[in-house]
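Topology and contacts: notes
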Amino acid sequence: MTAADIGRLDVSLAVLAARVDALTALKRTRMAAGLLAEDRHQCDLDDTAFATLPCTCTTVSTAADYPGFDAWITQQQNLNTATRRTR
């Protein structure tokens, strides 16, 4: 980090509050746009047609394709649980 970087970060409370307000407004705008897009998707007539297309895919892999994976993943989960308990 250089002195120029620190100078950019060292701003008055008013500037900081303005930046937070701008970010909050941007977040609200993006959230509203996302909600509107989801509403449009719910009313999409093509979505129903797409959902009724026949699916010809079958199971891509089985446990036999990856011998030992079940035991390995169980071990990883146990290690994860043990690590979280010691924190």
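To be clear, the structure that these remarks concern was listed above.
Definitions and limits used
Residues numbered from 1 in each chain as written. Predicted model: local features only at pLDDT ≥ 70, side-chain atom pairs only at ≥ 80, totals over all residues. Heavy atoms only, no water. Phe/Tyr/Trp six-rings, centres within 6.5 Å; stacked < 30°, edge-to-face > 60°. Helix = DSSP H or I, 4+ residues; strand = E, 2+ residues; numbered from the N terminus. Buried < 20%, exposed > 50% of the residue type's maximum accessible area, 1.4 Å probe, protein only.

1. Structural notes on the packing of aromatic side chains
The full count for this structure, using the stated rule, is one aromatic pair. Ring geometry for F69 versus W72: centroids 5.8 Å apart, planes at 35°, classification tilted. With F69 and W72 both in helix α4 (residues 69-85), this residue pair falls three residues apart, about one helical turn. Among the residues examined, F69 registers a relative accessible area of 42% and is labelled partly exposed.

2. As for the environment of D46
Relative to the assigned elements, D46 resides in helix α3 (residues 45-51). Spatially, the C-alpha atom of D46 lies 47 Å from that of V15, the residues being 31 residues apart in sequence.

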